[in-house]
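One letter stands for each residue in the lines below.
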Amino acid sequence: MYSQTVMEHFNNPRHAGVIDNPDGTGEVGNPTCGDMMTFYIKVKDDRIEDVKFQTFGCVAAIAVSDIVSEMAIGKTLAEAQKITKKVVAEALGGLPPNKMHCSNLGADALALAIQNYQEKTEPPQADQKAKKRINES
Amino acid sequence: MKRVYLDHAAATPVREEVLEAMLPYFRERFGNPSAVYDLGADIKEVIEAARAKVAGFIGAPADQVIFTSCGAEANNLAVKGAALAHLKKGRHVIVSAIEHHSVLNSARYLEKFHDFEVTFLPVNKFGQVEPERLARALTPATVLVSIQHASNEIGTIQRLKELTGLCREQGVVFHTDAVATAGQIPVDVKDLGVDLLSLSGPALGAPKGIGALYFRRGVRLVPQIHSGIQENGRRGGTENVPGIVGLGTAAELAGAELAANARRLKDLRNRLVAGVNDRIAGAIFTGHPEERLPGHASFCFEGIEGEALIFLVNARGICANTGSACASKALKVSPTLCAIGLSPEVAQGSMVFTLGGDNDQEDIDYVLAELPLAVEKLRAFSPVWRKKLAAASGG
C-alpha cells in the first residue's frame, strides 16, 4: 500500500517534535478529516534553519510531515515556498490516490509557518512582540 | 519475529478438519449437483448433509437454510429479498445505524431504486437498540427490520429477544446478521425469534466465499441471483460444493466447541482489557462492558490515529483492526463509532481486537508489552495529545 520511502519516514521520523520559541508556526487540518499538522520553523538570514512538526494522522500524514521538514531545512524561504504536494508525493515514491489530498498537507502547513514568520517580521502594523523578536535576532 | 493475529472477525485460518472435508470436492467429486448422472446427482446428498449441519448449529430445520457466496450476500438477500417480496404491504424498512455495510447499503439501494423509506435507528452509548425506539419507528408500512446480533466493531450484543417480540406481534419480518456471533455465543433462531439470519464461513474456520441465510418457513424472498432452481429457487447459480461442505463441517465443530471456546476467549479478552487499562492512559473502552462477544476487545486511544497505530504494531508482528477514517477506502469514520457518540477525533484512535482459537496467553502478554510503546511513540509527536496534556496540567 505504501512505498518503502513512506514507511521509512513513518517508522523513523527525524523531525518530529516541537521548537521552543519558533520563528513561525503553521497549523492545518481538523479532526473530522482525520489529519492535523503543526509545523514549527526557525529562520536565520532568510533561510530555514530548522523544522519540527507535530502530526496527528495516518502513516501518509506522518511521512509527509517528515519529508517536508527534511526538504525545507537549509532552503531559503522563497525556495521552501515552492515545495508543492506533487513534489512531496514524488519524493516519497508516490502516495495512494486517496491519500494524495487528505494527508498531503505538509506543504500547506510549512507555507503557513513561513507566512506566520513573515507576518511577524514584516507586520503591516508592527506590534511590540514582533519588534522585540526582530531586535533579538 | 512473533506473529500475533487478532483480527478473527475479518478472517480465520481454515481449520484442518474443514480443509480435509473439502478436498475431495475439488477433483474427485467435482460433478455439478444439477446433473442427472451419478457423479453429479450424488453431490446433492452431500449438500443436504452440510445443510443439515448448518441448520443444526442454529437450531433450524434442515430445509430452511440457503447457501450463499458470503455473509454480505446473505444480508443482501435478506434485506432486499424480503423487502421486495412484501411491496403490497408497504415500503418501509428499519435498520440500526450500526449495521454492516452490506445491510446499510442494501437499505440505501431500496431507498434509491424502489422508493422505500428507510429508518436508521440510533443506538445508545453501548451500541444497543432500545426497544422503545424500535416500537416508535414501526409503522403499518414497515415490512422488514434488520438488526445485527452483535457488532464486529464494538463487540456489543443486542438484546434481540426484546426486539423480535415487537416485530412478531405486528407481523413484521425480522432479520439479524449473526456473522459476528456464530461460534462465539449460542445462536438459536427459535430462541431469538428471528425470521431471517445471516452466517459467514470465514468467521467459523471455513474459507472465504461461503455464507448462509436461515429463513423461517413461510417468509417470502425475491431471489437476488437469478438463474436455475438451485437452493429451491431462492438463490440461482451452481453451488459452491467445497465451500458448502466446509461450512457444514465448520458449523458442526463450532457447535461442539462453543462453550469451552467462549470461556477461553473471555479469559484472554479480560486479560487484554485489564492490561490495556492498566498500562495505557487515555484508553476509552468501546461497546458494552458485559453484554459483548467473548473474544472481542475494542478501544479508542486518545491523541492518535488508528491506521498509524496498526502499522506500528504490525511492524512488531501484531495484526489488529481499526475503525479509523484514514484506514477505510472511503476515508470515512466508522458509522458505528459515530453512532455511539464518539467525537470524530476520538473515533480516529480506534483499535479492535478479535480473538480466536489460535490465540493464547502469551499472545496477549506480547500485545500488552508492545502496544503501550506504539501508543507512546505516536503520542510523542501528536498535537492533539500535547493540547490534552496542556489542558490537564493547566486545569
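Here the residue numbering is sequential within each chain, running from 1 through the sequence in written order. Labels are handed out in written order, letters beginning with A for the chains and numbers beginning with 1 for the ligands. Residue-level local features of this predicted model are given only where pLDDT is at least 70; pairs of side-chain atoms are given and counted only at 80 or more, and the full residue set underlies all totals for whole chains, interfaces and linings. Calculated side-chain values reflect all of the structure's heavy atoms, with hydrogen atoms and water omitted.

A. The overall build of chain B, seen in detail. Across its full length, chain B holds 13 helices and twelve strands. Overall, chain B is about 75 × 50 × 35 Å in size when its C-alpha atoms are taken along their principal axes. Among the 395 residues that make up chain B, the fraction classed as buried is 57%. Method for areas: the Shrake-Rupley scheme with a 1.4 Å probe, in which residue coverage is limited to the protein chains shown. Accessible surface computed for chain B: about 16300 Å², of which carbon and sulfur atoms make up 54%. Within chain B, the 43 negative side-chain charges are centred at a point lying 4 Å from the centre of the 42 positive side-chain charges. A run of H or I in DSSP becomes a helix once it reaches four residues, and a run of E becomes a strand once it reaches two; helices and strands are each numbered from the N terminus. For every residue, the accessible area obtained with a 1.4 Å probe (protein chains only) is divided by the maximum for its type, and the residue is called buried under 20%, exposed over 50%, and partly exposed between those limits. Charged-residue counts in this description rest on Lys and Arg as positive and Asp and Glu as negative, His and the chain ends being excluded. Where a charge lies is defined by one atom per residue type: Lys uses NZ, Arg uses CZ, Asp uses CG and Glu uses CD.

B. Just the interface of chain A and chain B, in detail. Only heavy atoms matter for contacts: two residues are in contact if any of them lie within 4.5 Å across the pair. With 29 residues of chain A at the contact, the number on the chain B side is 23 residues. Here the buried area means the combined drop in accessible surface, using a 1.4 Å probe, for two parts upon being joined, counting both sides. Overall, the association of chain A and chain B removes approximately 2000 Å² of surface from exposure, summing both partners, and the carbon and sulfur fraction of that is 65%. The salt bridge definition used is simple: a Lys or Arg side-chain nitrogen within 4 Å of an Asp or Glu carboxyl oxygen. At the surface where chain A touches chain B, the tally comes to two salt bridges. Of all the elements in the fold, those that place two or more residues in the side of chain A that touches chain B are helix 1 (4–11), strand 2 (36–44), strand 3 (47–56) and helix 2 (59–72) of chain A. It is strand 3 of chain A that contributes the most residues to the side of chain A that touches chain B, four residues altogether. Class assignment of the residues belonging to the side of chain A that touches chain B gives a composition of 17 nonpolar, nine polar and three charged. Under the scheme applied here, ten amino acids are nonpolar (Ala, Val, Leu, Ile, Met, Phe, Trp, Tyr, Cys and Pro), four are charged (Asp, Glu, Lys and Arg), and all others, including Gly, are polar.

C. Structural view of a negative patch on the surface. Residue and element names in this part refer to chain A. In this analysis, a patch consists of residues with relative accessible area above 30% that form no salt bridge, clustered at 9 Å for like charges and at 5 Å for the nonpolar side chains Val, Leu, Ile, Met, Phe, Trp and Tyr. A cluster of like negative charges, contributed by Asp45, Asp46, Glu49 and Glu122, occupies part of the molecular surface. The topology assignment puts Asp46 in the loop between strand 2 and strand 3. What makes Asp46 partly exposed here is its relative accessible area of 43%.

D. Highlighting the domain arrangement of chain B. All names here are of chain B. According to the domain assignment, chain B consists of domain 1 (4–9 + 258–394) and domain 2 (16–254). Every contact between the two is made by 25 residues of domain 1 and, on the other side, 25 residues of domain 2. Summed over both sides, the interface between domain 1 and domain 2 buries roughly 2000 Å², with carbon and sulfur atoms accounting for 56% of that surface. The interface formed by domain 1 and domain 2 contains one salt bridge. Side-chain atoms alone can form a polar contact between residues adjacent in sequence; in general such a contact is a pair of N or O atoms within 3.5 Å, and within protein one must be able to donate a hydrogen while the other accepts it. Scanning the region where domain 1 abuts domain 2 turns up 13 residue pairs in polar contact (both at pLDDT 80 or more). For the side of domain 1 that touches domain 2, the elements supplying multiple residues, two or more each, are helix 8 (241–279), strand 10 (296–301), helix 10 (335–339) and strand 12 (350–354). Looking at side-chain class alone, the side of domain 1 that touches domain 2 contains 13 nonpolar, ten polar and two charged residues. The source of the domain bounds is an automatic or database domain assignment.

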